[in-house]
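# Structure assessment
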Amino acid sequence: MSPRVAGLLWCATFVALDALQAVAYGNFLQRLDGFLVGLLVFGFCSLACLTWVAWKAPHEIAIARSEPAAVLWMGVTSAGGWLTYLGALQLIEPAVALTVVSGALPLTMIVAGHLGIGGAEPVHNRVEVAGNLVLALGIVALAAFTLLGWSGFVRGGALVGLFGLVLSILSGAMFAGMILISYRLERRGVGPAASFVLRFPLYLVLAFAGTLMGLDDKGPAPADDLMLALVVGVPLLALPIYAIQKAVALASSLTIGTAAGLTPVLVFLLQMIEGRVDYSRATVIGLLIYMAGALLAAAGRARAIGDAARPH
């Protein structure tokens, strides 16, 4: 299998698992402390990856220690991305939060590409430009509907809605920064497992503090529920992050960003299959605009990849 095809497959794996997580894993987070679940899932996976790296590739740990700024930035963007996303979910309609986060990620990468930030790249053809403009229009529409009170849920007035939207945009931007810094570490020789470990120390500390403070306390958690949340969370929460890291070694940042932008499309389709599409009419309109842009941007990205693969 060519590296290009392998990279696209890892991108597809990320999108599929991330969408399944958004649709299926929410049931656990409605019953259990989200900080405790994150602590269990990411703590277990980080320990497993650290053990594997220490056994198979200890030199990668030494490389990471020589890049303290990159390691710090990786931890800050990862923890910041997760916490701002969880905060947005408490304030605005989850479908809106997910869509704004997913769209802000590729748009941030495109801006970073035009600014010449390492690892990022600008769009390559008019189809990509048109697709991302329509995608951005969908985000603007969802934001406007949220501020006007036309979406399915806002925990408060327009000011609360605005704060939720700002958190969503920050989350997408931080996740984009996390992916871009991964390219720097990957070029230095830090593999996917080691990069996975580097993402979570700060998050685990904050999740532990959030658990102790009861910030998302939902009462006593049965041991069976916690074990099931861990077993299901490893493939649905942790594996998508590992899939992104594998894609970093094989695909461009814009390809990964465009793939991430497709997540709400798949979530919408899965919820239609499940029979649980209960968005407000305004939210559906915003989602349809966004999805048209995401699919058009993906078509443009596919054309760019095909053009790059042809011999010149």
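Definitions and limits used
Residues numbered from 1 in each chain as written. Predicted model: local features only at pLDDT ≥ 70, side-chain atom pairs only at ≥ 80, totals over all residues. Heavy atoms only, no water. Helix = DSSP H or I, 4+ residues; strand = E, 2+ residues; numbered from the N terminus. Rg over C-alpha atoms; globule rule 2.2 N^0.38 Å. Buried < 20%, exposed > 50% of the residue type's maximum accessible area, 1.4 Å probe, protein only. Contact = heavy atoms within 4.5 Å. Areas by Shrake-Rupley, 256 points an atom, 1.4 Å probe, with all protein chains shown as cover. Salt bridge = Lys/Arg side-chain N within 4 Å of Asp/Glu carboxyl O. Polar contact = N/O pair within 3.5 Å; in protein donor to acceptor, adjacent residues only side chain to side chain. 1 Å grid on protein atoms, 1.4 Å probe; cavity = no way out; pocket = protein on both sides within 12 Å on 5 of 7 lines; lining within 4 Å. Points joined across faces, edges and corners; volume = space filled by probe spheres on them. Axes fitted to C-alpha atoms, helices over the stretch in contact; angles between N-to-C directions. Left-handed = near helix turned anticlockwise from the far one by under 90°. Nonpolar A, V, L, I, M, F, W, Y, C, P; charged D, E, K, R; others polar.

### Some thoughts on the overall build of the chain
Check the secondary structure of the chain and you find 14 helices and 0 strands. Along the chain direction, N to C, the helices and strands of the chain fall in the order α-α-α-α-α-α-α-α-α-α-α-α-α-α. Radius of gyration (C-alpha) of the chain: 19 Å, near the 20 Å computed for a compact globule of 312 residues. Counting only C-alpha atoms, the chain reaches 55 × 55 × 35 Å along its principal axes. Out of the 312 residues in the chain, the part that is buried amounts to 49%. Across the chain, every contact between residues at least 6 apart in sequence was considered, and the portion connecting residues at least 24 apart equals 88%. Carbon and sulfur atoms make up 71% of the accessible area of the chain, which totals about 14300 Å².

### Observations concerning the pattern of salt bridges
Counting across every chain of the model gives 4 salt bridges. Between Glu128 and Arg301 there is a salt bridge, with the nearest N and O atoms lying 2.7 Å from each other. Here Glu128, found in helix α7 (residues 126-147), pairs with Arg301, found in helix α14 (residues 281-309); they are 173 residues apart in sequence, far enough to count as distant. Owing to a relative accessible area of 1%, Glu128 belongs among the buried residues under this scheme. In this structure, the salt-bridge partner of Asp216 is Lys218, at a minimum N-O distance of 2.8 Å. Residues joined in a network through salt bridges with shared partners are Glu67, Arg184 and Arg188.

### Topic: the side chain of Asp216
Along the chain, Asp216 falls in the loop between α10 (201-213) and α11 (223-248). Polar contacts involving the side chain of Asp216 include one to the main-chain amide nitrogen of Gly34, which spans 2.8 Å. Within polar-contact distance, the side chain of Asp216 engages the side chain of Lys218 at 2.8 Å. Excluding residues that lie within four positions of it along the chain, Asp216 makes contacts with Leu32, Asp33, Gly34 and Phe35.

### As for the layout of surface pockets
Looking at the second largest pocket, its volume works out to about 210 Å³. Lining the second largest pocket are Leu8, Cys11, Ala12, Val15, Thr255, Thr258, Ala259, Leu262, Ala298, Arg301, Ala302 and Ile305. Put simply, the parts of the chain that give the lining of the second largest pocket at least two residues each are α1 (3-24), α12 (253-261) and α14.

### Digging into the packing of helix α3 (residues 34-56) against α11
Their axes nearest at 9 Å, the elements α3 and α11 cross at an angle of 65°. Pair α3 / α11 crosses with right-handed handedness. Where α3 abuts α11, its residues Leu36, Val37, Leu40, Val41, Phe42, Phe44 and Cys45 lie against Leu226, Ala229, Leu230, Gly233, Val234, Leu237, Ala238 and Ile241. When its residues are assigned to classes, the contact of α3 with α11 shows 14 nonpolar, 1 polar and no charged.

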